[in-house]
Amino acid sequence: MNTALNDHFSGISVVRAFGQEERSAKKVHLTLRNFTVTMLKALFRGAFFNPGVNFLTSLGLVIVLGAGGYFAYKYGTPVSEVLGFVFYLSLFYGPISGLAQLMEGAQEALAGGERVIEILDTPVEIENLDGAVPLETCKGNVKFENVNFSYDPARPILKDITLDILPGTFTALVGPTGVGKTTMVNLAARFYDPSGGIVRLDGYDLRELTLESVRKHIAFVPQDTFLFNTTLAENIAFARPEASFDEIVAAAKIARIHDDILEMPDGYESITGERGVKLSGGQKQRVAIARAVLAGAPVLILDEATSSVDAETERMIQRSIDELTGSRTIIAIAHRLSTVINADQIAVFKDGEIAERGTHSELMERGGLYRKMYDLQTAEG
Ligand SMILES: Nc1ncnc2c1ncn2[C@@H]1O[C@H](COP(=O)(O)OP(=O)(O)O)[C@@H](O)[C@H]1O
Ligand SMILES: [Mg+2]
């Protein structure tokens, strides 16, 4: 019931946009009715069960008293013995009715327990291995060595990827959708382990390091931004709640969201709404960039972080990110190729492999896939 309600309420704009209010309402109504029917059934049975047990125990007492009275009258059984029986009977019934109540509780607990255990039993795929050491300081060298990866063994996503990303450089990953660019950066942050090969941070296999220290040194702007339903300041300072207001503003300026925030009625104290509904797509992305910048990690990963930002603002963000290069390693997945012209290296992905690599001018000269993609984009304007 909760799933159905949550789904249809959070998807309400889609429901309205496609004029499916009636069908949605019907679906929710049906789930609610199923819940009501099931609940009523349970209550109905409960209403019979407990009085039923009580009735049977009383019936026992009646039988003992009746039979005892008959035996006392007919065969002279001593009354004390009959009373003794009545006494024993109450001793006997106490645990019986207790057991009945226990059964009812156990049934409920069992139904809930099954679900809880299902969640508890979910295997943790990525965890600290025995002997993992923390990486205290990090220069920001990310290296992929013959990395293979697949979500489903039958379908390899990354094939034998080798890429060395030097500290303080700007590396761009480009290529069509679905080739595995997001997967690649997910491996760098160790959201998954490679099926073959090694991902290294400052020369260490990521699996030799504690997860906390890996994630501390890598700041991530995911493709789907997520904002918490709280103030903008708190959203930006998420990775470093102790950050000063000046630091928050500095990060917001780098992400070019500062001016937008000042225009909001409550400034940095404005509430973003659930999942950030009160912001535009581009604003949400810029808040997410500010959050990652403020984290201050030596490696900054941007996964199509400016896809909803207009070209002009994107150029400005790009300029501030270019300024960060040198002090931080930047890995950016980019759709608009105009943003990667200054990259130290560009890796062009095709079918899970790096088809070409080099700087913008090298790749343009080469006249391969990158050239084709670039010409196509500039022709579109
Ligand atoms: N969590 C996942 N489980 C299974 N398959 C996935 C998952 N994430 C991505 N994929 C698949 O892996 C491929 C590469 O996806 P992705 O790395 O997101 O590509 P890109 O970022 O280059 O568009 C796609 O075919 C996608 O369907
Ligand atoms: Mg992607």
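What counts as what
Residue positions are given per chain, counted from 1 along the sequence in the order it is written. By the order in which they are written, chains take letters starting at A while ligands take numbers starting at 1. The model is predicted, so local features are restricted to residues of pLDDT at least 70 and side-chain atom pairs to those at 80 or more, both for listing and for counting; the totals for chains, interfaces and linings are taken over all residues. What counts as a helix is a DSSP run of H or I of at least four residues, what counts as a strand is a run of E of at least two, and both are numbered from the N terminus. Values of the radius of gyration come from C-alpha atoms, whereas the globule rule sets the reference at 2.2 Å times the count of residues to the power 0.38. Here a residue counts as buried when 20 or more other C-beta atoms sit within 10 Å of its C-beta, as exposed when there are 12 or fewer, and as partly exposed otherwise, the C-beta atoms being derived from the backbone. Criterion used throughout: strands pair if DSSP finds at least two bridges between them. We call a residue near a molecule or strand when the C-beta position, derived from backbone atoms, sits within 6 Å of it. Residue polarity follows a fixed list, in which Ala, Val, Leu, Ile, Met, Phe, Trp, Tyr, Cys and Pro are nonpolar, Asp, Glu, Lys and Arg are charged, and the others, Gly among them, are polar. What makes a nonpolar core is a set of buried Ala, Val, Leu, Ile, Met, Phe, Trp, Tyr and Cys residues, with links drawn between C-beta atoms within 7 Å. A residue pair is marked as a contact if its C-beta atoms, positioned from the backbone, fall within 7 Å. Note: domain ranges come from an automatic or database domain assignment. Orientation is described by axes fitted as lines to C-alpha atoms, over the contacting stretch for helices, and by angles from 0 to 180 degrees between their N-to-C directions. An angle below 35 degrees is read as roughly parallel, one above 145 as roughly antiparallel, one from 65 to 115 as roughly perpendicular, and any other as oblique. Crossings are classed by handedness, with left-handed meaning an anticlockwise turn of the near helix from the far one by less than a right angle and right-handed meaning a clockwise turn.

### What to know about the overall build of the protein chain
The helix and strand tally for the protein chain stands at 13 helices and 10 strands. Here the C-alpha radius of gyration of the protein chain, 33 Å, is well above what a compact globule of 381 residues would show, namely 21 Å. Taken along the three principal axes of its C-alpha coordinates, the protein chain extends 120 × 50 × 45 Å. Going through the 381 residues of the protein chain one by one, you find that 26% of them count as buried.

### Quick notes on the pairing of strand 6 (residues 218-221)
Burial along strand 6 is two-sided: the residues Ile218 and Phe220 and Ala219 and Val221 are all buried. Note: strand 6 against strand 7 (residues 299-303), 4 bridges, orientation parallel. Along strand 7, the bridge assignment pairs Ala219 with Leu300.

### Topic: the site of ligand 1
Looking at ligand 1, the residues that line it are Tyr151, Ile157, Thr177, Gly178, Val179, Gly180, Lys181, Thr182 and Thr183. Residue classes in the shell around ligand 1 are distributed as 3 nonpolar, 5 polar and 1 charged.

### As for the sheet that holds strand 2 (residues 158-165)
Ordered in space as 2-1-4-5, the 4 strands form an open sheet in which the pairing is antiparallel. The sheet is open, and its two borders are formed by strand 2 and strand 5 (204-205), each paired with just one other strand. Where strand 4 (residues 196-201) lies against strand 5, 2 bridges are found, and the strand directions are antiparallel. By the bridge assignment, Leu201 is partnered in strand 5 with Tyr204.

### Considerations on the nonpolar core
In this structure, Ala188, Ala290 and Ile301 are the most contacted members of the largest nonpolar core, which totals 72 residues. Examining the composition of this core, we find that 8 residues originate from one element, helix 10 (residues 281-295), more than from any other. Excluding residues within four positions of it along the chain, Ala290 makes contact with Ile236, Ala251, Ala252, Ile254, Ala255 and Ile257.

### Quick word on the domain arrangement of the protein chain
Annotation of the protein chain at the domain level lists domain 1 (2-120) and domain 2 (142-380). Taking only C-alpha atoms into account, the centre of domain 1 sits 55 Å from that of domain 2.

### As for the sheet that holds strand 3 (residues 170-174)
The 6 strands lie next to each other as 6-7-8-3-9-10, forming an open sheet whose pairing is mixed. Each end of this open sheet is capped by a strand with a single partner; those strands are strand 6 and strand 10 (353-358). Strand after strand, the sheet turns through a mean of 15° between neighbouring axes, direction not considered. Sheet strands touched by helix 10: strand 6 and strand 7. Its angle to strand 6, the strand with the most contacts, is close to 175°.

### Some remarks on the environment of Gly196
Here Gly196 is to be found in strand 4. Separated by 153 residues in sequence, Gly196 and Phe349 have C-alpha atoms that sit 18 Å apart. What Gly196 contacts, discounting residues up to four positions off in sequence, is Asn146 and Asn148.

### A closer look at unusual backbone geometry
For Arg190, which is not a glycine, the phi torsion comes out positive at approximately 55°. On the secondary structure map, Arg190 appears in the loop between helix 5 (181-188) and strand 4.

### Overview of the pairing of strand 9 (residues 345-350)
The buried fraction of strand 9 is high, at 5 of 6 residues. Judged from the 4 bridges that link them, strand 3 and strand 9 form a sheet pairing that is parallel. Its bridge partner lying in strand 9, Ala172 is registered against Ile346. Looking at chain direction, strand 9 and strand 10 are connected through 5 bridges and run antiparallel. Residue Ile346 lies in a different strand from strand 10, and its bridge partner there is Gly358.

### Re the packing of helix 3 (residues 21-75) against helix 4 (residues 79-120)
Between helix 3 and helix 4, the shortest axis-to-axis distance is 10 Å and the interhelical angle comes to 170°. When the axes of helix 3 and helix 4 are compared, the pair comes out roughly antiparallel. The crossing of helix 3 and helix 4 is right-handed. Residues Gly46, Phe49, Val53, Thr57, Gly60, Leu61, Val64, Leu65, Gly68 and Ala72 of helix 3 pack against Val79, Val82, Phe85, Val86, Leu89, Tyr93, Ser97, Ala100 and Glu104 of helix 4. Looking at the contact of helix 3 with helix 4 residue by residue, the classes come out as 13 nonpolar, 5 polar and 1 charged.

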